[in-house]
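Below, each chain spelled out in residue letters.
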Amino acid sequence: QVQLVESGGGLVQAGGSLKLSCTASGSIGRFYKMAWYRQAPGKERELVAGIRSGSTATYADSVRGRFTLSRQNAENTLYLQMNSLKPEDTAVYYCNGVARPTVEADLEVWGQGTLVTVSS
């Protein structure tokens, strides 16, 4: 049984910073892919940043240069350092991980989300 738990969300003024953390518990194996998504009110969920084993991180155009994604703890802990935050960054941020417990199928896990609110 695998669970992802996010933390670090909150209220911050424009131009400020937050660091989100995503921790896996009860993992049956390493996630070969992890990512942060976000969903703003009235909008669909979108990919913010992602990384997979053996590759460099990728970023959405809207956050590139401001956000930095990193992994540690056997690649099952994911961080998102968010700098120069804008009101447009306001959303619920979700952690996502994909593992391969068997050769037949992947396992995708979602966290419950953490709210980031950026005031102008």
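Small disclaimer: the values here were computed from a predicted structure and weren't measured. (Residues numbered from 1 in each chain as written. Predicted model: local features only at pLDDT ≥ 70, side-chain atom pairs only at ≥ 80, totals over all residues. Heavy atoms only, no water.)

**Q** Looking at this structure, I do not really get the environment of C95. What am I missing?
**A** Looking at the secondary structure, you find C95 in strand β9 (residues 91–99). Once the C-alpha coordinates of C95 and A35 are considered, the two residues, 60 residues apart in sequence, prove to be 6.0 Å apart. (Helix = DSSP H or I, 4+ residues; strand = E, 2+ residues; numbered from the N terminus.)

**Q** Would you mind showing me how to read the pairing of strand β4 (residues 31–39) here?
**A** On a regular strand, each side chain points to the face opposite its neighbour's, so the side chains alternate between the two faces of the sheet. Note that β4 and β9 share 8 bridges and pair antiparallel. Bridged to K33 within β9 is V98. Here β4 pairs with strand β5 (residues 46–52) via 6 bridges, running antiparallel. The residue of β5 that forms the bridge with R38 is E46. Linkage of β4 to β5, two consecutive antiparallel strands, is achieved through a turn of 6 residues, within which G42 is found at a positive phi near 80 degrees. (Pairing = 2+ DSSP bridges.)

**Q** Please clarify how the state of the cysteines should be interpreted in this entry.
**A** Two cysteines whose sulfur atoms are joined by a covalent bond form what is called a disulfide. Applying the stated criterion across every chain, the model contains 1 disulfide. Across the disulfide, C22 is cross-linked to C95 (sulfur-sulfur distance 2.0 Å). One quick way to see it: the torsion about the S-S bond of C22 and C95 is about -80 degrees, and its sign makes the bridge left-handed. Of this pair, C22 sits in strand β3 (residues 18–25) while C95 is found in strand β9, placing the two residues 73 residues apart along the sequence. The exposure classification of C22 matches that of C95, with both residues buried. (Disulfide = S-S within 2.5 Å. Buried < 20%, exposed > 50% of the residue type's maximum accessible area, 1.4 Å probe, protein only.)

**Q** Help me out: how do you make sense of the pattern of salt bridges in this one?
**A** Close approach of charged atoms allows side chains with opposite charge to pair. Overall, the coordinates contain 5 salt bridges when judged by the stated rule. Close ionic contact of E46 with R38 constitutes a salt bridge, the shortest N to O distance being 2.8 Å. Between R64 and D61 there is a salt bridge, with the nearest N and O atoms lying 2.5 Å from each other. For D61, a relative accessible area of 66% gives the class exposed. Within this structure, R38, E46, R66 and D89 form a network of salt bridges that share partners. (Salt bridge = Lys/Arg side-chain N within 4 Å of Asp/Glu carboxyl O.)

The quantities given are spatial measurements derived from coordinates; they are silent on function.
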